[in-house]
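# Summary of the model geometry
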Amino acid sequence: MPDWLVLAIAMAATCGVVLLVTVLNQRRINEEEDDPSETPDVMEYMTMMVGVVYAIVLGLAIAGVWEARSAAEDTVRTEAQALHEVSARARAYPEPVRDRIRADVDAYVTHVVHKEWPVMTEKGELTPRGDALLLKVRADVSDYHPRDDFQNQSYQPLVDQVAVADGARSARGLSAGPTMPPVVWFGLLAGAVVTVGLMFTLQIRRSGRELLMAGVFTALIAFLLFLVWDFDDPWLRSTDAIQPLKNLLPSGRG
C-alpha cells in the first residue's frame, strides 16, 4: 500500500472518530442540558500544558528520526563515493590488476544493490556474501606491491578508500531497522489520545467552526505521527537511499 494512501486513511479515520464522538457527545449534552460555561479555568490550563508538552515530545521524535535517516543516507553516499574512488584510482595499476579491482568492485556493488539491499530492509542485517566480496576488493588493493613511484603514490589512497567503504558498510548495517524504540511509540500514541481527548473536557460544541478546528487538529497530529513512522526505518520506506550506488557506479544501474 502506498505511503500517501496510508496517510490519507489514517487522517480520515482519526478525523471521523473525533467528529463522531463530538456529535454523539453533543447530543448527550443537549439531553442533560449541560452548561459549557461551567468548564473550570484550571482545565483549560491543563489542556494547554498537555498540548505544549506533547508538541515538544513529538517535535523531538520527528527531529530524531529525520537526523537518523539523513545520517543513514550520508553513509550510503560515503560508501558509494569511496568505491568510486577505488575504481578511478586503480588506473595507476597495470591493466590485469586494474581490471581485477574494478571487476570485484562491480561485483560487490551488484550484490549490494540486487541481493543485500532487500535482505537489509526485511531482516535488518547484512549478508556474509557482501562481506566476502568487499574483503576480496581489500585483498586486491592491499596485496599488490607497487612497482614505481606513480603506483606507490596511489597505493595508500586506495587502501584508505577501501577502509572508508568498509566503515560505511558497517555503519549501514548498524542503522538498519527501526530507529524509535517501542516504548517511545507507546508514549507518542498515548499522548495523541490524551491530547485529542482533552478537547472534550472543554465541552466542545457542534458548531461548524469547532468541528472544523477539531478535525484539523486531529488531522495534524495524525500527519505528524505519520512523518515519524515514515522516517523511522531509513531503508524500508526510503526509495532514494540506494541511488548513490546506482548513480556513481555503472554496475549499480543494471
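Rules behind the numbers
- The numbering scheme is per chain: residues are counted from 1 as the chain's sequence reads.
- Only residues with pLDDT of at least 70 get local features here, since the model is predicted, and only at 80 or more are side-chain atom pairs given and counted; chain-wide, interface and lining totals rely on the full set of residues.
- Excluding hydrogens and water, the side-chain figures rest on all heavy atoms present in the structure.
- For our purposes a nonpolar core is just a set of buried Ala, Val, Leu, Ile, Met, Phe, Trp, Tyr and Cys residues, chained together by side-chain atoms within 4.5 Å.
- Relative accessibility thresholds used throughout: buried, under 20% of the residue-type maximum; exposed, over 50%; partly exposed, between the two (1.4 Å probe, protein chains only).
- Under the scheme used here, helices are H or I runs from DSSP no shorter than 4 residues and strands are E runs no shorter than 2 residues, and both carry numbers assigned from the N terminus.
- The rule for a salt bridge is simple: a side-chain nitrogen of Lys or Arg has to be within 4 Å of a carboxyl oxygen of Asp or Glu.
- Here the expected span of a helix is defined as 1.5 Å times the quantity of residues minus one.
- Starting at the helix axis, one direction is taken to each C-beta atom, and the arc is that of these directions.
- Only Phe, Tyr and Trp rings take part, Trp by its six-membered ring, and two of them pair if their centres are within 6.5 Å. Stacked means planes under 30 degrees apart, edge-to-face means over 60, and tilted covers everything else.
- Any two residues whose heavy atoms approach within 4.5 Å at even a single point are treated as in contact.

## Some remarks on the nonpolar core
For soluble globular proteins, nonpolar side chains are generally found buried alongside one another. Val 86, Ile 101, Trp 117, Trp 235 and Leu 245 are the most contacted members of the largest nonpolar core, which has 31 residues in total. Per element, the largest residue contribution to this core is 9 residues, and it comes from helix α3 (residues 95–123).

## A short note on the pattern of salt bridges
For the structure on display, the rule yields 11 salt bridges. The partner of Glu 116 in a salt bridge is Arg 169, and the shortest N-O contact between them spans 2.7 Å. Here Arg 169 lies in helix α5 (residues 149–174) and Glu 116 lies in helix α3, a separation of 53 residues in the sequence. Each member of the pair Glu 116 and Arg 169 is classed as buried. A salt bridge links Asp 166 to Arg 138; its shortest N-O distance comes to 2.7 Å. You can see Asp 166 sitting in helix α5 and its partner Arg 138 sitting in helix α4 (residues 128–142), a full 28 residues away along the chain. With relative accessibility at 27%, the residue Asp 166 sits in the partly exposed group. The structure contains a network of salt bridges with shared partners spanning Glu 79, Glu 116, Asp 131, Arg 169 and Arg 172.

## Topic: helix α6 (residues 182–197)
Taking 1.5 Å as the rise per residue, α6 with 16 residues should run 22 Å; its terminal C-alpha atoms sit 22 Å apart, in good agreement. Three or more residues of α6 are buried, namely Trp 185, Leu 188, Gly 191, Ala 192, Thr 195 and Val 196. Buried residues of α6, seen end-on, are gathered within an arc of 130° and therefore sit on one face of the element. Of the exposed residues in α6, the ones pointing more than 90 degrees away from its buried face are Pro 182, Val 183, Phe 186 and Val 193.

## Points about the packing of aromatic side chains
Overall, the coordinates contain 4 aromatic pairs when judged by the stated rule. With a centroid separation of 5.5 Å and 40° between ring planes, the pair formed by Phe 226 and Trp 229 is classed as tilted. Of this pair, Phe 226 and Trp 229 both sit in helix α7 (residues 208–232), separated by 3 residues, roughly a single helical turn.

## Things to note about the environment of Phe 217
Residue placement: Phe 217 occurs in helix α7. For Phe 217, a relative accessible area of 30% translates into the label partly exposed. A sequence separation of 21 residues divides Phe 217 from Val 196, and the C-alpha atoms of the two residues are 8.1 Å apart. Contact partners of Phe 217, with chain neighbours within four places excluded, come to Thr 195, Val 196 and Met 199.

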